[in-house]
Amino acid sequence: QAVASGERNNATFAVLYLDLDRFKRINDSLGHPVGDLLLCSVADRLRACVRNSDTVCRQGGDEFLVLLADQQTQHHAATAAEKILAELGRPHEIGGHELLVGASIGISLFPGDGRDAATLIKNADTAMYRAKASGRCNAQFYKQDMNLVAVERQHMEADLRRALQEGQFVLHYQVKVALTNGRISGAEALLRWDHPEHGMIAPERFLPVAEDFGLIVPLGRWVLKEACAQAKRWQHEGIVHGTMAVNVSAPEFRRPDFAECVRSVLRETGLDPGCLELEISESSLMRDVEASKAMLSSLKELGVRLAVDDFGTGYSSLGCLTRFPLDALKIDRSFVSAIGAPGDAGVIASVAIAMGNALKYRITAQGVEAQAQVDFLKARHCTEGQGFLFGGPLTASEFSRRMAPAPGRS
């Protein structure tokens, strides 16, 4: 109707595509009933931000569309978007919780950005992804060059599929160090993409695309198999490295056959289960506590070690943690980097360590880069450290040379 009216009256209108920031974490940790109430609160605020002549609808999930009728300039649409961002940024009181969400907003304008509904929505969606990439909680107008980004994502999908087939992925390994004596206590496998044209590509560039296009599970299974095989090769070479830690993505962890996949990889590579540590993010565990408990129990029966990755970022409670058969907590690097900063910046790390010690877990601090952080962590009985202070990610051959015993020593 807006398109028809715009064509008749030579009028401009705006389409805003909103995606809520941080909603998934809240929904996963506090449950869908709280998430549903939060969506209702967001909808009420959106309606309060616009005129009776405008239209607000929920597109699906945590996405909303707003049609601003008779917007004459970009300025009017920008002002409306700023009002929406400010309103959504206020805390929502839901079920006794004070919840904070923001929004990333993409804006397209009729007729310059499209002369039909599908094109306007698609282009607003494209602009929304640019808003997310620009730090979230902001609004971006659609520009023609944004289509290049969408095309690049399509090309990257094709490249990722080819990379899996042609073996372009490699693993690097970063040591974990026992803080009590400085000895290497383990290694973490870190994925890299050795692109034939673009060189080494860091995971933060391609993993979101892999997840969007359904490639994260086969990629994760390759990582698991290669990491276990490398750990076994090091054992044959007499290189002692402790446990091999492997990150598990949320889509992998939620698959019913994941435990059987781990069993198959251990059987195929011959690696002792006790030498493998699976790291699952806190938000993945909290998505469905009962399902997570069942999967962790199945993995524990295999004999592998289990760690909560990025601990402190996923809204878990002490009560939930005690229900999981865990071995270790990995404190998120953001809390470690805060150690030594002015004020009480290190208090969260202290609390996380105290909680882990109370539960008799091994505690690993990520992102250790300074001796002052080591001193702080040791004083609070943190078990392990991992970070550039101890060494950055190494190729398998570089790691072998570092770990090989010196001549004349056994």
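Everything numeric here is computed off the predicted structure, so don't read it as measured data.

A short note on the overall build of the protein
- Along the backbone of the protein there are 17 helices and 16 strands.
- By residue count, 48% of the 410 residues in the protein fall in the buried class.
- A sequence separation of at least 24 residues applies to 67% of the contacts in the protein between residues at least 6 apart.
- Surface accessibility of the protein: about 19700 Å² in total, with carbon and sulfur atoms responsible for 52%.
- Side chains of the protein carry 45 positive and 50 negative charges; the gap between the two charge centres is 4 Å.

Details of unusual backbone geometry
- Following Phe110, the chain continues to Pro111 via a peptide bond in cis, the omega torsion being 5°.
- You can see Pro111 is positioned in the loop between strand E6 (102-110) and helix H5 (117-133).
- Residues other than glycine seldom take positive phi values, yet Arg22 does so here, at roughly 75°.
- Residue classification places Arg22 among the partly exposed positions, given a relative accessible area of 42%.

Let's talk about the sheet that holds strand E3 (residues 63-68)
- Ordered by their spatial adjacency, 5 strands build an open sheet running E2-E3-E1-E6-E7, and the pairing between neighbours is mixed. Looking at strand neighbours, the two that pair on one side only are strand E2 (55-60) and strand E7 (139-141), the edges of this open sheet. Averaged over all pairs of adjacent strands, the angle between their axes in this sheet comes to 20°, without regard to strand direction.
- Inspection of the sheet shows strand E1 (residues 13-21) paired to E6 by 9 bridges, in the antiparallel sense. Each residue of the ladder has a partner; that of Leu20, found in E6, is Ala103.
- Strand contacts of helix H4 (residues 74-88): E1, E3, E6 and E7, with the helix running at about 165° to E6, the strand carrying the most contacts.
- Of the strands in this sheet, E1, E2, E3, E6 and E7 are in contact with H5, which crosses E6 at around 140°.

Focus on the pattern of salt bridges
- Under the defined criterion, the tally for this structure stands at 20 salt bridges.
- Lys176 is the salt-bridge partner of Glu277, the closest N and O atoms lying 3.2 Å from each other. Here Lys176 lies in strand E8 (residues 169-178) and Glu277 lies in strand E12 (residues 276-281), a separation of 101 residues in the sequence.
- Judged by relative accessible area, which is 0%, Glu277 ranks as buried.
- Classification of Lys176 by relative accessible area gives buried; the value is 0%.
- The salt bridge partner of Arg255 is Asp257, with a shortest N-O separation of 3.3 Å.
- Each member of the salt-bridge network shares a partner with another, and the members are Lys176, Glu277, Arg362 and Glu384.

Structural notes on the environment of Ser108
- Locating Ser108 in the fold gives a position in strand E6.
- Take Ser108: its relative accessible area is 0%, and that puts it in the buried class.
- C-alpha separation for the pair Ser108 and Phe141, spaced 33 residues apart in sequence, amounts to 6.1 Å.
- Ignoring anything within four residues of it in the chain, the contact list for Ser108 reads Phe13, Ala14, Val15, Asp113, Leu120, Asn123, Ala124 and Tyr142.
- For Ser108, the side chain forms a polar contact with the main-chain oxygen of Leu120, separated by 2.8 Å.

Let's talk about the environment of Val50
- With respect to the helices and strands, Val50 occurs in the loop between helix H3 (32-49) and E2.
- Once the C-alpha coordinates of Val50 and Lys122 are considered, the two residues, 72 residues apart in sequence, prove to be 22 Å apart.
- Ignoring any residue separated from it by four or fewer positions in sequence, one finds Val50 in contact with Val56, Val66 and Leu68.

Thresholds applied
Residues numbered from 1 in each chain as written. Predicted model: local features only at pLDDT ≥ 70, side-chain atom pairs only at ≥ 80, totals over all residues. Heavy atoms only, no water. Helix = DSSP H or I, 4+ residues; strand = E, 2+ residues; numbered from the N terminus. Buried < 20%, exposed > 50% of the residue type's maximum accessible area, 1.4 Å probe, protein only. Contact = heavy atoms within 4.5 Å. Areas by Shrake-Rupley, 256 points an atom, 1.4 Å probe, with all protein chains shown as cover. Lys, Arg positive; Asp, Glu negative; His and termini not counted. Charge placed at Lys NZ, Arg CZ, Asp CG, Glu CD. Pairing = 2+ DSSP bridges. Axes fitted to C-alpha atoms, helices over the stretch in contact; angles between N-to-C directions. Salt bridge = Lys/Arg side-chain N within 4 Å of Asp/Glu carboxyl O. Polar contact = N/O pair within 3.5 Å; in protein donor to acceptor, adjacent residues only side chain to side chain.

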